[in-house]
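Chains, contacts and geometry: an overview
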Amino acid sequence: VVTDARVARHHGPAVLKVLRRSGCPVSLSVVPAGERSKSAARLALLWREMALAGCDRSSCIVALGGGVVGDLAGFAAASILRGVDLVQVPTTLLAMVDSSVGGKTGINLPEGKNLAGAFHQPRAVVADLDFLRTLPGRELRSGWAEVVKTAAIRDLALWRRLEREGHALRAGSPAPLARVIARVAAIKAEVVGADERETGLRRILNFGHTLGHAIEAVHGYGRLLHGEAVSIGMVFAAELGEALGHTPAGTAARLAALLLAYGLPVRPAAPLSPARLLAAMARDKKRGPSGLRWVLLRRLGEAVVIDRVPESAVRHGLGRFLAGSTSRKRRKTSTSTSREREEGEHEHE
Ligand SMILES: NC(=O)c1ccc[n+]([C@@H]2O[C@H](COP(=O)([O-])OP(=O)(O)OC[C@H]3O[C@@H](n4cnc5c(N)ncnc54)[C@H](O)[C@@H]3O)[C@@H](O)[C@H]2O)c1
Ligand SMILES: [Zn+2]
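So, here is what we can say about the structure in this document. (Residues numbered from 1 in each chain as written. Chains lettered and ligands numbered in written order. Predicted model: local features only at pLDDT ≥ 70, side-chain atom pairs only at ≥ 80, totals over all residues. Heavy atoms only, no water.)

Counting across every chain of the model gives two cavities of 30 Å³ or more. Looking at the largest cavity, its volume works out to about 40 Å³. Those elements that place two or more of their residues in the lining of the largest cavity are α3 (67-79), β4 (85-90) and α4 (93-99). Broken down by element, the residue count for the lining of the largest cavity peaks at three residues, all from α3. Of the residues in the lining of the largest cavity, the class split is two nonpolar, seven polar and one charged. Within this model, the second largest cavity holds a volume of roughly 30 Å³. Contributions of two or more residues to the lining of the second largest cavity are made by α4, α5 (137-154) and α8 (174-194). By residue number, the principal contributor to the lining of the second largest cavity is α5, which donates three residues. Broken down by class, the residue content of the lining of the second largest cavity amounts to three nonpolar, one polar and four charged. (1 Å grid on protein atoms, 1.4 Å probe; cavity = no way out; pocket = protein on both sides within 12 Å on 5 of 7 lines; lining within 4 Å. Points joined across faces, edges and corners; volume = space filled by probe spheres on them. Helix = DSSP H or I, 4+ residues; strand = E, 2+ residues; numbered from the N terminus. Nonpolar A, V, L, I, M, F, W, Y, C, P; charged D, E, K, R; others polar.)

Taken together, Glu146 (OE), His209 (NE2) and His226 (NE2) make up the full set of protein donors to the zinc ion (ligand 2), lying 2.0 to 2.1 Å away. Using a relative accessible area of 24% as the deciding quantity, one classes His226 as partly exposed. (Donors = N, O, S within 2.8 Å, 3.2 Å for Na, K, Ca; no water. Buried < 20%, exposed > 50% of the residue type's maximum accessible area, 1.4 Å probe, protein only.)

All right, on to the state of the cysteines then. Scanning the entire structure with this criterion turns up zero disulfides. Free cysteine Cys55: the closest other cysteine sulfur is in Cys60, separated by 9.6 Å. Its sulfur unpaired, Cys60 is 8.8 Å from the next cysteine sulfur, which belongs to Cys24. Classification of Cys60 by relative accessible area gives partly exposed; the value is 38%. (Disulfide = S-S within 2.5 Å.)

Right, let's get into the packing of aromatic side chains. Under the counting rule described, the total for this entry stands at three aromatic pairs. Where Trp144 meets Tyr262, the ring centres are 4.8 Å apart and the plane angle is 50°; that geometry is what we call tilted. With Trp144 in helix α5 and Tyr262 in the loop between α11 (251-261) and α12 (274-283), the pair connects residues that are 118 residues apart, well separated along the chain. Across the pair, exposure class does not vary: Trp144 and Tyr262 are buried alike. An aromatic cluster is present here, built from Phe236, Trp294 and Phe321 joined pairwise through their rings. One residue, Arg170, lies across the ring of Tyr262, its end atom 5.2 Å from the ring centre. (Phe/Tyr/Trp six-rings, centres within 6.5 Å; stacked < 30°, edge-to-face > 60°. Lys NZ or Arg CZ within 6 Å of the ring centre and 35° of its normal.)

Attention now goes to unusual backbone geometry. At Leu81, a position not held by glycine, the phi torsion is positive, near 50°. In this structure, Leu81 sits in the loop between α3 and β4. Of note in this structure, Glu198 is not a glycine but carries a positive phi near 60°. For Glu198, the location among the structural elements is in the loop between α8 and α9 (209-219). Overall, the relative accessible area of 17% leaves Glu198 in the buried class.

All right, on to the nonpolar core then. Ranked by internal contacts, the top residues of the largest apolar core, which has 78 residues, are Trp144, Leu162, Leu211, Leu277, Met281 and Trp294. Top contributing element to this core by residue count: helix α10 (residues 226-244), with nine residues. Filtering out sequence-adjacent residues up to four positions away, Trp294 remains in contact with Thr210, Leu211, Phe236, Ala237, Leu240, Met281, Val304, Val305, Ile306, Val309 and Val314. Core analysis: the second largest hydrophobic core is formed by 19 residues, Val2, Met50, Ala76 and Val84 among them. (Core = buried A, V, L, I, M, F, W, Y, C linked by side-chain atoms within 4.5 Å. Contact = heavy atoms within 4.5 Å.)

Dropping the structure here:
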């Protein structure tokens, strides 16, 4: 069982008890919590712990934690003894609906995120909603961004459910939450099943990630959570789609309203340089052969991948998008929530 220190504190004993009851010998590896554990050095330590624990071809690695543990332990499982079984036990909302499904595993390099890794499908993904009770609120909200994303690109009925049942879902009502998490995971599995290696359909999962990744890179990882950056990125992608005529007018406003309802930001809080964002986007792996590749919305519930979005359109749109989010403008309103509420009301019109 590989987990991080925080998850170990909350849930380690209970999980170990259940596993030991099965009669299997179990050993536990605990890594520090946080993105920095997705490193080559940490992976090498894990390999050695696995070897010392007597790991053999019949062993199974259980990744108990968020996406960091899932990616790291997943890559360890893919590589130790040329690959052993993996079971993902996600403990964050993001991991339940996104990172535990699809088989991407890996670590970061000083040169960039997720640069080394392997495709290694888990034997099973076991998502127990009780884990979410100890998850900090901000981490939970960040996970909602991927849920909204999935509905926006693939499932209008799910989108409507998110609008309708927002209150129950945010309050963690088990039945509605289980239904939504299972649906989002199923959609990801279906999309990945059709295109495991991301040569086509899987790309739609990157909706909101082109600008989202750039914001993370420019802000420095850690300042904004991934889901927060993706939330902002989705609103921009919807606005860009509207400007380019791919997305019906009003879609970005509706998307922003839903994201705000789930407690997510829809504009950067601090000023960001458009030039640096554009440079970061140009460096991103997700680049088409002839221009920036963007995932846009054809309508709510359906995405389309456009390979040749002119850089001028992105630059222009970005200028407009960011103009609404400088700190100068922000200071005019009392708090971010009141500003967000105003924006939300405005978007509803
Ligand atoms: N493989 C993929 O397809 C894929 C997809 C999306 C993201 N990712 C990766 O996932 C990572 C982000 O995952 P994440 O958002 O789950 O972050 P994370 O794994 O860092 O978890 C966030 C924080 O919550 C804590 N935590 C986790 N579960 C908890 C619980 N139940 N109670 C209390 N605290 C808990 C963790 O210790 C950590 O401090 C990134 O590295 C990203 O690259 C991978
Ligand atoms: Zn994401």
